[in-house]
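# Geometric and topological summary
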Amino acid sequence: MMLHKKLHTEMSWEHLCELYDEISDMAGVLQDPIHHAEGDVAIHTQRVINSVKSLPEYTTLTEREQQILWISALFHDVEKRSTTREEEGRIISPGHARKGELTTRLFLYEKVPLSFADREQIAALVRFHGLPLWVMDKPDPKKALLAASLRVDCYLLALLAKADVLGRDCEDAQALFDKIALFTLYCEELNCWRKTAPFPSDDARFHYFYTENSTDCNYEPYPEKGSEVTVLCGLPGMGKDTFIRQHCADLPIVSLDDLRRQHNIKPDNRDANGWIAQQAKEQARIYLREHKPFVWNATNITRKMRDQLISLFYRYNAKITLVYIEVPYAQWQRQNNARNEAVPAKVMERMLSKLEVPTPEEAHKVIYWIEGQSQTIF
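Looking up the chain in an unreviewed UniProt entry gives the name AAA family ATPase, with the organism given as Proteus cibi.

What follows is about the sheet that holds strand β7 (residues 365–370). Taken together, six strands build an open sheet; the order of strands is β4-β5-β3-β6-β7-β8 and the sheet is mixed. Of all the strands in the sheet, the pair left with one neighbour each is β4 (253–255) and β8 (373–375). This sheet shows a mean twist of 25 degrees between the axes of neighbouring strands, independent of strand direction. Summarising the sheet, strand β3 (residues 228–233) and strand β6 (residues 319–326) pair through six bridges and their orientation is parallel. Each residue of the ladder has a partner; that of Cys-233, found in β6, is Tyr-324. Sitting on the sheet, helix α7 (residues 116–127) touches β6, β7 and β8, and the angle it makes with β6 is about 105 degrees.

A few words on the state of the cysteines. What we call a disulfide is simply a covalent bond connecting the sulfur atoms of a pair of cysteines. Here the structure, examined in full by the defined rule, presents zero disulfides. Here Cys-187 stays free of any disulfide, with the sulfur of Cys-154 as its closest cysteine sulfur at 4.0 Å. The structure places no disulfide on Cys-248, whose sulfur is separated from the nearest cysteine sulfur, that of Cys-233, by 12 Å. For Cys-248, a relative accessible area of 5% puts it in the buried group.

The rules behind these values
Residues numbered from 1 in each chain as written. Predicted model: local features only at pLDDT ≥ 70, side-chain atom pairs only at ≥ 80, totals over all residues. Heavy atoms only, no water. Pairing = 2+ DSSP bridges. Helix = DSSP H or I, 4+ residues; strand = E, 2+ residues; numbered from the N terminus. Axes fitted to C-alpha atoms, helices over the stretch in contact; angles between N-to-C directions. Contact = heavy atoms within 4.5 Å. Disulfide = S-S within 2.5 Å. Buried < 20%, exposed > 50% of the residue type's maximum accessible area, 1.4 Å probe, protein only.

See the structure below:
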């Protein structure tokens, strides 16, 4: 059920717990006493929120930035509730930030009326809240930071990390603050402080992130002849078919739903889904070999799904545009119910919980088509 509650900084912790299970569930979730001697996740989160509001920089932020930052603090450890376990005498929460991004997106989409850009900024802050502390430990620190900068304001990320440390009782706090200072310097060095990482072109950006051993983000790949492929992404009922009618009507369409209808296969027939996907890929290969433009129409709601397609298309030197399509939650439900083959509500909610909005480095171009117009995430 959608509650239509607006989160604001004056709401008490007790009120938040009454309204939302996501918040009340934090109580009693243990943390490792070496890093969090202050107590459980609920205690830590309250301290982080208070620390955010007490930062000298907080008063210099816009009202929008303040809201983004404190809601990010509220949710930064939300999925420690599902990932926390004891291992070799230590309490760990592996993957809590990655899972927390999905939960934050779901929560804000269903329950709180925020803009798409603000929601995605908050989801990205939750996802990357540990990056300022651990960026130098990544296999490729430069690539990790530049990828994050395409989605999140690194200044707000550094402030969240600082508040996260202030919300702890730990003996290595100063070392953690030093890491955040180093992160700030690294952002400035890579020219991604308070802005997205600069690339000379879409092709250069895609090549840098897609090519495993690439190190030069200014390298311009040689233009190869290939198809222009538009890959649609979006949950059932969001309006992908409408987008095609309005913007791609003159292009060939590879549609998994159309193939299912042609072969009288139900969408929930998992045994046949692999065969349908192969038929669609064979259809796509015909266009790719002939360098013809086409549209791939399917949900593609996870990064794994999209990566498989992009890998196939790129082998044929295609230029790939991802178009993510979204409408508000209530409109989405109405549109799905109006379809000839409405997706059951439980299936819709399960798919929504897995939604990974495409990120800018996934393709040559990523378009966010929100409520019938193009928007940005940062």
